[in-house]
Every structure is written in C-alpha cells, then in structure tokens.
Amino acid sequence: MRGLDRPPALVIFDCDGVLVDSERPMHEELRALLAEHGLDLSLAACLDAFMGLSIDALLHSARDMGADLPADFRSRLYARVHARLARGTNLIPGVADLIARLRAAGIPMCVASNGSEAKMELMLEQHGLWTQFRDHCYSAQTLGVAKPDPGLLQTALHGSGVSAAQAVVIEDSVTGIESARRAGVTCLHFAPAERAVEGVLRFETMAEIGDVILCNGRGR
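Cut-offs applied
- Residues numbered from 1 in each chain as written.
- Predicted model: local features only at pLDDT ≥ 70, side-chain atom pairs only at ≥ 80, totals over all residues.
- Heavy atoms only, no water.
- Helix = DSSP H or I, 4+ residues; strand = E, 2+ residues; numbered from the N terminus.
- Buried < 20%, exposed > 50% of the residue type's maximum accessible area, 1.4 Å probe, protein only.
- 1 Å grid on protein atoms, 1.4 Å probe; cavity = no way out; pocket = protein on both sides within 12 Å on 5 of 7 lines; lining within 4 Å.
- Points joined across faces, edges and corners; volume = space filled by probe spheres on them.
- Nonpolar A, V, L, I, M, F, W, Y, C, P; charged D, E, K, R; others polar.
- Axes fitted to C-alpha atoms, helices over the stretch in contact; angles between N-to-C directions.
- Parallel < 35°, antiparallel > 145°, perpendicular 65-115°, else oblique.
- Contact = heavy atoms within 4.5 Å.
- Polar contact = N/O pair within 3.5 Å; in protein donor to acceptor, adjacent residues only side chain to side chain.
- Salt bridge = Lys/Arg side-chain N within 4 Å of Asp/Glu carboxyl O.
- Phe/Tyr/Trp six-rings, centres within 6.5 Å; stacked < 30°, edge-to-face > 60°.
- Left-handed = near helix turned anticlockwise from the far one by under 90°.
- Core = buried A, V, L, I, M, F, W, Y, C linked by side-chain atoms within 4.5 Å.
- Pairing = 2+ DSSP bridges.

On to the environment of Ala49, then. Inspection of the secondary structure assignment puts Ala49 in helix 2 (residues 43-50). Taking the relative accessible area as the measure of exposure, Ala49 reaches 27% and is therefore partly exposed. Counting along the chain gives 13 residues from Ala49 to Ala62, while the straight-line C-alpha distance between them is 8.7 Å.

When its volume is computed, the second largest pocket comes out at roughly 180 Å³. Around the second largest pocket, the lining residues are Leu4, Asp5, Arg6, Pro7, Pro8, Ala9, Ala165, Gln166, Ala167, Val168 and Thr186. Residue classes in the lining of the second largest pocket are distributed as seven nonpolar, two polar and two charged.

So, on to the packing of helix 1 (residues 23-35) against helix 2. Following both chains from N to C, one finds helix 1 and helix 2 inclined at 105°, their axes separated by 9 Å at the closest point. Between helix 1 and helix 2, the angle falls in the class roughly perpendicular. Here Glu23, Arg24, His27, Glu28, Leu30, Arg31 and Leu34 of helix 1 come into contact with helix 2, specifically with Leu43, Cys46, Leu47 and Phe50.

This brings us to the side chain of His27. Mapped onto the elements of the fold, His27 is located in helix 1. Within the structure, His27 has its side chain in polar contact with the backbone oxygen of Glu23 (distance 2.9 Å).

Take the pattern of salt bridges next. Close approach of charged atoms lets side chains of opposite charge pair. All told, the structure shown has 14 salt bridges when counted by the stated rule. Here Glu29 ties to Arg80 by a salt bridge, and the two come within 3.2 Å at their closest N and O atoms. Of the two residues, Glu29 is situated in helix 1 and Arg80 in helix 4 (residues 73-86); the sequence distance between them amounts to 51 residues. Linking Glu178 and Arg181 is a salt bridge whose minimum nitrogen-to-oxygen distance equals 2.6 Å. With Glu178 and Arg181 both in helix 10 (residues 174-183), this residue pair falls three residues apart, about one helical turn.

What follows deals with the packing of aromatic side chains. All chains considered together, the criterion is met by one aromatic pair. With 6.2 Å between their ring centres and 75° between their planes, Phe13 and Phe133 make a pair best called edge-to-face. Pair noted here: Phe13 is in strand 1 (residues 10-13) and Phe133 is in helix 7 (residues 130-133), with a separation of 120 residues, a long-range link. Neither Phe13 nor Phe133 differs from the other in exposure class; each is buried.

Here we take up the packing of helix 1 against helix 4. Here helix 1 crosses helix 4 at 140°, and the two axes come no closer than 9 Å. In terms of their interaxial angle, helix 1 and helix 4 are classed as oblique. Our pair here, helix 1 against helix 4, has a crossing hand that is right-handed. Counted together, Pro25, Met26, Glu28, Glu29, Leu30, Ala32, Leu33 and Leu34 of helix 1 and Phe73, Arg76, Leu77, Arg80, Val81, Arg84 and Leu85 of helix 4 form the full contact between these two elements.

Mapped onto the elements of the fold, Asp48 is located in helix 2. Exposure remark for Asp48: the relative accessible area of 70% places this residue in the exposed category. For Asp48 and Gly115, which are 67 residues apart along the polypeptide, the C-alpha to C-alpha distance reads 17 Å.

A general tendency of soluble globular proteins is for nonpolar side chains to be buried together. If you look at the biggest cluster of nonpolar residues, it comprises 50 residues, and the most contacted ones within it are Phe13 and Ile170. Apart from residues no more than four positions distant in its own chain, Phe13 is found in contact with Val18, Leu19, Val95, Leu98, Ile99, Leu102, Met109, Cys110, Val111, Ala112, Phe133 and Ile170. The next biggest cluster of nonpolar side chains, apart from the first, holds 19 residues, and it includes Ala112, Leu152, Ala156 and Ala180.

Spatial strand order, 3-2-1-4-5-6: six strands in an open sheet with parallel pairing. Both edges of this open sheet fall to strand 3 (137-139) and strand 6 (201-203), since each of them pairs with a single strand only. Each strand of the sheet is rotated relative to its neighbour by a mean of 25°, with strand direction disregarded. Across the face of the sheet, helix 5 (residues 95-104) comes into contact with strand 1, strand 2 (109-113) and strand 4 (167-171) while running at roughly 160° to strand 1. Contacting strand 1, strand 4, strand 5 (186-190) and strand 6, helix 11 (residues 206-213) runs over the sheet at an angle of about 160° to strand 5.

Below, the structure written as structure tokens:
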C-alpha cells in the first residue's frame, strides 16, 4: 500500500502506545485491580479487551465481563496508574526522532487521547515534551467525547485550523482507528506486533511513519 501523496498540514498523535510506552504498565495495574473485584484476566486478554477505551467504556465493558466494581473503582485505578507512571516511562522507540523530523519540516503536531490531561502531562513532562504539546493536547476526559466517536479528532482539527483531508493521525488501537475513519482522517497504524487492519497503513517503526509522512516511504 502506497504512502501519502503530499505531506500533511497536521500530524495528530495518540499518546499511550504512540508517544509513550505506557500501555503495558497501565494494564498491569488495571489487571491487578480487576482481579480484586472478580475479573481475573491475563495481561494479553486485558490489553485486548480494554486498550484504547475511554474510562467510561472500560468500566462498562469490565462490568459486562463480570467485574463487581465499587463506586470508587475509577479513583482507585487512577491513583494506581498515576503512581506507576510517576516511577518513570519510556518514549516509544524512534518517536523523538520522528518529532524532530516533523518539526524540521515545519509540520504542526498535536495530541488527541482518551486519557486525562494530568496523565499526559505526567508522562510527557518526563521526556521534555509537555512544553511543546501542552497547548496542543486534546483530552477526551476534558472534552467529554471519546474515541471511537470522531468528536475528539474533529475538535483537534478545528483547534488547529486544518481540515480532515489535510491531516493524518497515528494510532495503535482499533478504537483509535475507528475514530479516524469516522472523522475522515487518514490513519497510520503503529503496530509492531499486530496484524494489519484492512484499509489502514500499518507500520512497525516510527522511522517508517516519518518516511511516509514526508512522502519518502511505504506502508505494509
């Protein structure tokens, strides 16, 4: 599958699993807490069931799967996840170079995540990226609209003054891919160990994504 015809006017990053390698530690904490409330899943099953979901969708899905969640489950999960992430996170390999390439090419960037602004700040600040993105971060929890609804991406487009046809979004989850489809934004699927999703450009490295955004490469 060929790449883009021309560089986009905006690159929208998802945060967890795209900018920061946070999916595994977050889901380890989620798995442990769910096990305390009647839903004992493997880490792989937890990732498969909940990756990319908003907190409201996650809680609804977990209850449907048999979890007996108390009223304070949300706050307890936030506390555990934030404490875990505060101990340190890693950037996704190659993402710092990708950001530098986009900046050098003059391509604007923003972040659109189902996570909270506080969590994005916690992780991005660790890597010196919060100053760059703080005024260009769109949080589902702040805006009240979460992927796969297209509203989060549409808000990011509006805030950046860019049409859907002029932008690309980098996503790692099916939820994010569906949001991009509904918003009419070209999606680049960062999925080193996953199968391709039909109709979506899939990449194993950030270097490949950079080549395609700058019209110098191919997707798989």
